[in-house]
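Structural overview for review
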Amino acid sequence: MPEIRLLATGGTIASRAGANGRYAAATGAELLTNTALPDDVRVSVRDVATIASFAWRSEELRTLRRHIDQALADPEVAGIVVTHGTDTMEEVSFLISLGHGDPRPIVFTGAQRTLDDPAADGPANLSDAVALAAHPAARERGVLLCFDGHAYAARGVRKVDTLSTHGFDAPGRGPALRVAAGRIIPLTAPARPPALPITADSAIPRVDVIPLYLGADTTLFDAALAAGARGLVLAAFGAGNANPEILEAVRQAVADGVAVLVCSRVHSGPVAPLYGGGGGASLAEAGALFGVDLSPWQGRMLLAAAIASTPDAAKTVADWLAVP
Ligand code: DAS
């Protein structure tokens, strides 16, 4: 009987409503008491944290990564499920995916409605995630995010609705599998770039996201550098454009050895070096990297992981992004 390791971290799926707002409270074992599980699966539980994901720091990330390493070191474990808050699930699942080269799946899930909501969505999401983690179709697919009957590869997945139970999508990529009426339906098999050599103990270096908005100057950019950022991600306009003032700051940062990755503040579509005058073509000429369709948040994780684990972060990012 396959063993699935459930790593519970909190989030809305584990939250109850109280007088001062919602708080994560339930353990992994409590979550399972509400959840229909496949007969032929044994679930072992570890409580990693019981907090909302918007409050995560590098400490929680490190603890989760250690638990994942421990689970994967156990040959009895056929797959891992991580219950997690939805607010930062796209970043955390992506970071985990960057270092995950094992064939066994890691499936993230959560909920938009609390555990004590009469129409809670957590139990069905957790049930789907466990079934998926135990299913052969999930092997070799890396890290997946399973929500509302759809499972997305971590790369490209985004929270697309603040409250709807269909809270996630992978714009332009779509789901990798469906979980419907007790069946797992494979849809696409996204390529898996080779895992980066990050470990649970690799420190995540400071990489800041700089938003572009009408009239943006270099104040935030300069402040990030002054705070010690080793890489910067632009949440750029449109297909990856900045402005003439930011362009000169990018040119200087790259010359000083700080990698700059261009992503878009638009939630769908790739960036491309198209425009001069502070646009993407100018940024590319100044030495910036282009993050294809990664969100700024996922781009930040890729750049940080590359800086943490390899001597030439710019080359590592470019090589990783070259795998479609
Ligand atoms: N937005 C909440 C959630 O859906 C809070 C969090 O991210 O933990 O889980």
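Residues numbered from 1 in each chain as written. Predicted model: local features only at pLDDT ≥ 70, side-chain atom pairs only at ≥ 80, totals over all residues. Heavy atoms only, no water.

Moving on, we come to helix H8 (residues 296–309). Given a rise of 1.5 Å per residue, 14 residues ought to cover 20 Å, and the 20 Å separating the end C-alpha atoms of H8 matches this to within 8%. In terms of residue burial, H8 counts as a mostly covered element, since eleven of its 14 residues are buried. Taken together, the buried positions of H8 are Pro296, Gln298, Gly299, Met301, Leu302, Leu303, Ala304, Ala305, Ala306, Ile307 and Ser309. Buried residues in H8 make contact with helix H3 (89–98), strand S13 (207–211), strand S14 (231–236), strand S15 (259–264) and helix H9 (313–322). (Helix = DSSP H or I, 4+ residues; strand = E, 2+ residues; numbered from the N terminus. Expected span 1.5 Å × (residues − 1). Buried < 20%, exposed > 50% of the residue type's maximum accessible area, 1.4 Å probe, protein only. Contact = heavy atoms within 4.5 Å.)

Turning our eyes to something else, we now look at the site of the ligand. Residues in close proximity to the ligand include Gly11, Thr12, Ala52, Ser53, Phe54, Gly85, Thr86, Asp87, Ala111, Gln112 and Lys159, which together make up its full environment. One nitrogen or oxygen atom from the side chain of Ser53 is found 2.6 Å from an oxygen atom belonging to the ligand. Within the contact set of the ligand, an oxygen atom lies 3.2 Å away from a backbone nitrogen or oxygen of Ala111. Contact with the protein chains removes 89% of the 260 Å² of surface that the ligand exposes when unbound. When grouped by side-chain class, the residues that make up the shell around the ligand number three nonpolar, six polar and two charged. (Near = heavy atom within 4 Å. Polar contact = N/O pair within 3.5 Å; in protein donor to acceptor, adjacent residues only side chain to side chain. Areas by Shrake-Rupley, 256 points an atom, 1.4 Å probe, with all protein chains shown as cover. Nonpolar A, V, L, I, M, F, W, Y, C, P; charged D, E, K, R; others polar.)

Further remarks concern the side chain of His84. With respect to the secondary-structure elements, His84 resides in the loop between strand S5 (77–83) and H3. Residues contacting His84, with those up to four places away along its chain left out, are Thr9, Gly10, Gly11, Ser53, Trp56, Met89, Val92, Phe108, Thr109 and Gly110.

Quick look at the pattern of salt bridges now. All told, the structure shown has 15 salt bridges when counted by the stated rule. When the shortest N-O distance is used, the salt bridge between Arg16 and Glu30 registers 3.1 Å. A residue pair is termed long-range when its members are at least 10 positions apart, and Arg16 in strand S2 (residues 15–18) and Glu30 in helix H1 (residues 28–33) qualify at 14 residues. In this structure, Asp201 engages Arg66 in a salt bridge whose closest nitrogen and oxygen atoms are separated by 2.6 Å. Taken together, the residues Asp201 in the loop between strand S12 (183–186) and S13 and Arg66 in helix H2 (residues 58–72) connect sequence positions 135 residues apart. Exposure remark for Asp201: the relative accessible area of 52% places this residue in the exposed category. The class for Arg66 is partly exposed, based on a relative accessible area of 39%. One continuous salt-bridge network, built from bridges that share partners, spans Glu3, Arg5, Arg42 and Asp74. (Salt bridge = Lys/Arg side-chain N within 4 Å of Asp/Glu carboxyl O.)

Ranked by internal contacts, the top residues of the largest apolar core, which has 47 residues, are Leu64, Ile80, Leu98, Phe108 and Leu302. Here this core takes seven residues from H8, the largest share from any one element. With 27 residues, the next largest nonpolar core counts Leu32, Val43, Ala129 and Leu132 among its residues. (Core = buried A, V, L, I, M, F, W, Y, C linked by side-chain atoms within 4.5 Å.)

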